Amino acid sequence: MEESFNFNWDSDSDEEFFGFGEEDLEGVLCGPGEDEEGVEEGGAAGNFTEAGDFTGCGEGDAPREWLDVTGKTVATEGERKRSDGRIPFVHTNPRPGPQRVWDCSDPYLFFKAFFSDCVIDLMVAETNRYAEALASTELASHSRLRDYKPTDRSEMEAFLAIQISMGLTRKPQIADYWSTQSSLGLTPNFARVMTRNRFQLLSSCIHFNDNSLRLERGQPGYDPLFKIRPLMDLVLKSFQSEYYPHEHLSIDESMVSFRGRVFFRQYVPNKRHRFGLKNFVLSDATSNYTYLWHVYTGGAFNYDRCLGIGHSSVVGLLREAKLLGKGHSLYTDSYYTSPALFQELHRQNTGACGTVRVNRKGMPPQLHGLKLRPSDPPVFFEKRPLLTASFRDAGTVTVLSTVHDNLVITKRVRSKGPDGYRTLRKPKSVEDYNRFMGGVDRGDQLCSYYSYQHRAMKWYHRLFHHIREVALVNAYILHKESGNTMQSAGFRELVVKGLLRRRQIELTPPPRPISTPLVPVRLTGRHFLGQHEKSRPDCKVCSTRKRSPDDAHRGRKQTPFFCKTCSDHPALCPTDCFEMYHTKLVYKH
């Protein structure tokens, strides 16, 4: 049977959905009291003069065409918010960051905020249920399931501790952690916590839902993520309850590596992990805290076909996270950015900024065919509340924003010139995009440092490992923002110790390798004398070319005899020198 997967281009590819024009979205974006252009009737007074200078127009009187505002006075970011009726982001209600005051610094408790006893009990109950169902079937005589004993909360926490430790101490195979071969590095604590067979049995039986409740594909209510849904819902809910993001947010795709069989596996050729499960991730662009994600399930993914996947996933994430209308600023890449999406977010008091393709519907026609040279200043076009900025450095970049003006900043950047630096003038919107867009990528980077590297044959096992890694990174961010200072590796070590607390296991450092002196081969085995027919090289023991008055008897000594057994065949006098060379560690006088 052929292996099937869905093909997806990466965000940076040009073969993507380009959005719909305002005429395509008529009746979708226009609410009560809005005209065909999707703006409210009776906006604030103001208009553009013939010269194109901004005189304070509101959104209701915004021009119907894109106007060139390069080098002209436009409304600042604060003036835009006031004239458009936007409520600014409030830093006290709710307070960004951790949502409760932590009076402790134990990393284990921060991790338990996400993997609570409720999550552990779910894993215990469903793993025992699944193992009992497997044990009731016909088993091979050597099957480990014949000796399966129900697991409990303390053993499940020890199971998690071992998986986290495997990210801190990496070995090629799982069985190597229980190996006694010193060449692999001894890790005796793994055997103290759990036997190898028990760990592998739990790894194969780990489960998160009752299979008897699963609906077949095609039936009403079918959920492609049924296997992992209860665990994912519990952990994602705790992500949102324990932390509130700062003003700046970012949405991007993230790949969970998986090469097994599942119908919604994606192939993204430009990603580091080309095969895997694709997630749409919402994160805090300031702290890199992962707030929420949606797993893309191919044809089963629920989205508005009229608006497209990118548009629907952005609105769906913000609506589920309850972040719309709070004054946040969202940063997206060209896969999501479109004038229709940004106008909808603007109407819901959410700013947005992101790179955009110039051939998106609704973009300024003046950008089509625009060619900028590196020495040209940035070009701006405005159609309230949208503003585009085209900028050329190594390549041409176009940014669409509803939260920026046409401010241009000056920076010194490295170059190959004699000074090593050059002056660069770039739009403030481009600078902010570079600063705040990497929240999802930086979160993935933090997850990759000490992640569980071993293969998973089932897709929901691979997603479980990803959920655990994100929970560890989010717990570390909570720990850091609560006033604690610790390295990520040390944080995970203390989490492991906390997970083993119920089993009262004392971990000991691995034994130091015993350094035994290496015995030269010449001092071992049997050796035999040979003789050259013509050559007479210097004796290895008694010959020397350094001669002093004190050692008048010493000098160059040549001999035709040599050792046939030693690999280098050293020349040796057949009496004392031959014996001394093969019996003493230091053979030179």
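Within each chain, residue numbers correspond to sequence positions counted from 1 in written order. Confidence filtering applies because this is a predicted model: local features only for residues at pLDDT of at least 70, side-chain atom pairs given and counted only at 80 or more, and all residues used for totals across whole chains, interfaces and linings. Side-chain measures here rest on the full set of heavy atoms in the structure, leaving out hydrogens and waters.

### What to know about the overall build of the protein
Argument step 1. The way it works is that DSSP assigns letters per residue, a run of H or I at least four long becomes a helix, a run of E at least two long becomes a strand, and they are numbered from the N terminus. Per the secondary structure count, the protein includes 14 helices and 17 strands.
Argument step 2. Relative accessible area decides the class of each residue, using a 1.4 Å probe on protein chains only: under 20% of the type maximum gives buried, over 50% gives exposed, and in between gives partly exposed. Within the span of the protein, comprising 589 residues, buried residues form 50% of the whole.
Argument step 3. A contact between two residues is defined here by any heavy atoms of the two lying within 4.5 Å. The long-range fraction of contacts in the protein, counting pairs at least 24 apart against all pairs at least 6 apart in sequence, stands at 66%.
Argument step 4. Total accessible area computed for the protein in this model is approximately 30,300 Å², and 50% of it derives from carbon and sulfur atoms. To measure how exposed things are, a 1.4 Å probe is used in the Shrake-Rupley method; for residues, cover is taken only from the protein chains shown.

### Concerning the pairing of strand β12 (residues 386-392)
A regular strand places its side chains on the two faces of the sheet in alternate fashion.
Argument step 1. Across the seven residues of β12, six count as buried, placing the element largely inside the fold.
Argument step 2. A pair of strands is considered paired only if DSSP assigns at least 2 bridges between the two. In this structure, strand β11 (residues 379-383) lies alongside β12, joined through five bridges in antiparallel fashion. When the bridges of β12 are listed, Lys-383 appears paired with Leu-386.
Argument step 3. The loop that links β11 with its antiparallel partner β12 comprises two residues.
Argument step 4. Of the pairings in the sheet, the one linking β12 to strand β13 (residues 396-401) comprises six bridges and is antiparallel in character. Along β13, the bridge assignment pairs Leu-387 with Ser-401.
Argument step 5. Where β12 folds back onto β13 in an antiparallel hairpin, the turn is made up of three residues.

### So, the packing of aromatic side chains
Argument step 1. Planes of paired rings set the category: under 30 degrees apart is stacked, over 60 is edge-to-face and the rest tilted, where pairs are Phe, Tyr or Trp rings (Trp by its six-membered ring) whose centres lie within 6.5 Å. In the structure shown here, the tally under the stated rule is 25 aromatic pairs.
Argument step 2. Between Phe-280 and Phe-301 the ring centres are 5.7 Å apart and the planes differ by 55°, which places this aromatic pair in the tilted class. One end of the pair, Phe-280, is in strand β7 (residues 275-284); the other, Phe-301, is in the loop between β8 (290-295) and α8 (309-320), with 21 residues separating them in the sequence. Of the two residues examined, Phe-280 and Phe-301, each falls in the buried class.
Argument step 3. Only lysine NZ and arginine CZ atoms are considered, and such an atom sits over a ring when it is within 6 Å of the ring centre and within 35 degrees of the ring normal. Note that Arg-468 overlies the ring of Phe-464, its terminal NZ or CZ placed 5.5 Å from the centroid.
Argument step 4. The ring of Tyr-581 has Arg-522 lying over it, and the distance from NZ or CZ to the ring centre is 5.1 Å.

### Things to note about the pattern of salt bridges
Argument step 1. Here, a salt bridge means any side-chain nitrogen of Lys or Arg that lies within 4 Å of a carboxyl oxygen of Asp or Glu. This model, assessed by the stated rule, comprises 21 salt bridges.
Argument step 2. One salt bridge connects Lys-112 with Glu-157, and the closest N-O pair in it is separated by 2.9 Å. Placement of the pair is Lys-112 in helix α2 (residues 107-112) and Glu-157 in helix α4 (residues 153-168), with a sequence separation of 45 residues. Each member of the pair Lys-112 and Glu-157 is classed as buried.
Argument step 3. Ionic pairing is found between Arg-129 and Asp-210, a salt bridge with its closest N-O pair at 3.7 Å.

### Re the packing of helix α3 (residues 117-135) against helix α7 (residues 229-242)
Argument step 1. Every angle, taken between N-to-C directions, lies between 0 and 180 degrees, and every axis is a line fitted to C-alpha atoms, over only the stretch in contact when it is a helix. Contact geometry for α3 and α7: axes closest at 10 Å, N-to-C directions at 175°. When the axes of α3 and α7 are compared, the pair comes out roughly antiparallel. Every residue of α7 that contacts α3 at Cys-118, Val-119 and Leu-122 is listed here: Pro-230, Leu-231, Leu-234 and Val-235.
Argument step 2. Following the grouping adopted for this structure description, the nonpolar residues are Ala, Val, Leu, Ile, Met, Phe, Trp, Tyr, Cys and Pro, the charged ones are Asp, Glu, Lys and Arg, and the polar ones are all others, Gly among them. Counted by class, the contact of α3 with α7 contains seven nonpolar, no polar and no charged residues. Should an angle lie under 35 degrees it is considered roughly parallel, over 145 roughly antiparallel, and from 65 to 115 roughly perpendicular; all remaining angles are considered oblique.

### So, the confidence of the model for the protein
Argument step 1. Note: pLDDT gives the predictor's confidence per residue, expressed from 0 to 100. Looking at the protein, the pLDDT average stands at 83 and 81% of residues meet or exceed 70.
Argument step 2. In the predicted structure, residues 1-5 sits below a pLDDT of 50 and forms eleven contacts with residues beyond four places in sequence or in another chain.

### Quick notes on the environment of Leu-134
Argument step 1. For Leu-134, the position within the fold is in helix α3.
Argument step 2. Leu-134 sits eleven residues away from Leu-145 along the chain, and the two C-alpha atoms are 7.6 Å apart.
Argument step 3. Setting aside its immediate chain neighbours within four residues, Leu-134 contacts Leu-139, Leu-145 and Cys-205.

### Thoughts on the pairing of strand β15 (residues 421-427)
Argument step 1. Here strand β14 (residues 408-414) runs beside β15; their pairing, made up of seven bridges, is antiparallel. Residue pairing across strands places Ile-409 opposite Lys-426, the latter belonging to β15.
Argument step 2. Where β14 folds back onto β15 in an antiparallel hairpin, the turn is made up of six residues, including Gly-420, whose phi is positive at roughly 85°.

### A short note on unusual backbone geometry
Argument step 1. The omega torsion across Arg-384 and Pro-385 is 10°, close enough to zero to call that bond cis.
Argument step 2. Tracing the backbone through its elements, the reader meets Pro-385 in the loop between β11 and β12.
Argument step 3. The phi dihedral of His-569 is positive, around 50°, even though this residue is not glycine.
Argument step 4. Among the structural elements, His-569 can be located in the loop between β17 (561-563) and α14 (576-583).
Argument step 5. Using a relative accessible area of 42% as the deciding quantity, one classes His-569 as partly exposed.

### Section: the side chain of Arg-468
Argument step 1. Residue placement: Arg-468 occurs in helix α12 (residues 459-481).
Argument step 2. Overall, Arg-468 belongs to the buried group, its relative accessible area being 0%.
Argument step 3. Counted as a polar contact is a pair of N or O atoms within 3.5 Å, where, for protein atoms, one must be capable of donating a hydrogen and the other of accepting one, and residues adjacent in sequence contribute only when both atoms are in side chains. Of the polar contacts made by the side chain of Arg-468, one reaches the side chain of Gln-163; its length is 2.9 Å.
Argument step 4. A distance of 3.3 Å separates polar atoms of two side chains, one belonging to Arg-468 and the other to Glu-469.

### Description of the packing of α4 against α12
Argument step 1. Direction vectors running N to C along α4 and α12 enclose 80°, while the axes themselves pass 12 Å from each other. Judged on the interaxial angle alone, α12 and α4 are roughly perpendicular. Across from Leu-160, Gln-163 and Ile-164 in α4, the residues of α12 making contact are Phe-464, His-465, Arg-468 and Leu-472.

### With respect to the environment of Leu-317
Argument step 1. Within the secondary structure, Leu-317 is located in helix α8.
Argument step 2. C-alpha of Leu-317 to C-alpha of His-294: the two residues are 23 residues apart in sequence and 7.4 Å apart in space.
Argument step 3. Leave out the neighbours within four places in its chain, and Leu-317 touches Ile-251, Phe-280, Val-281, Leu-282, Leu-292, Trp-293 and His-294.

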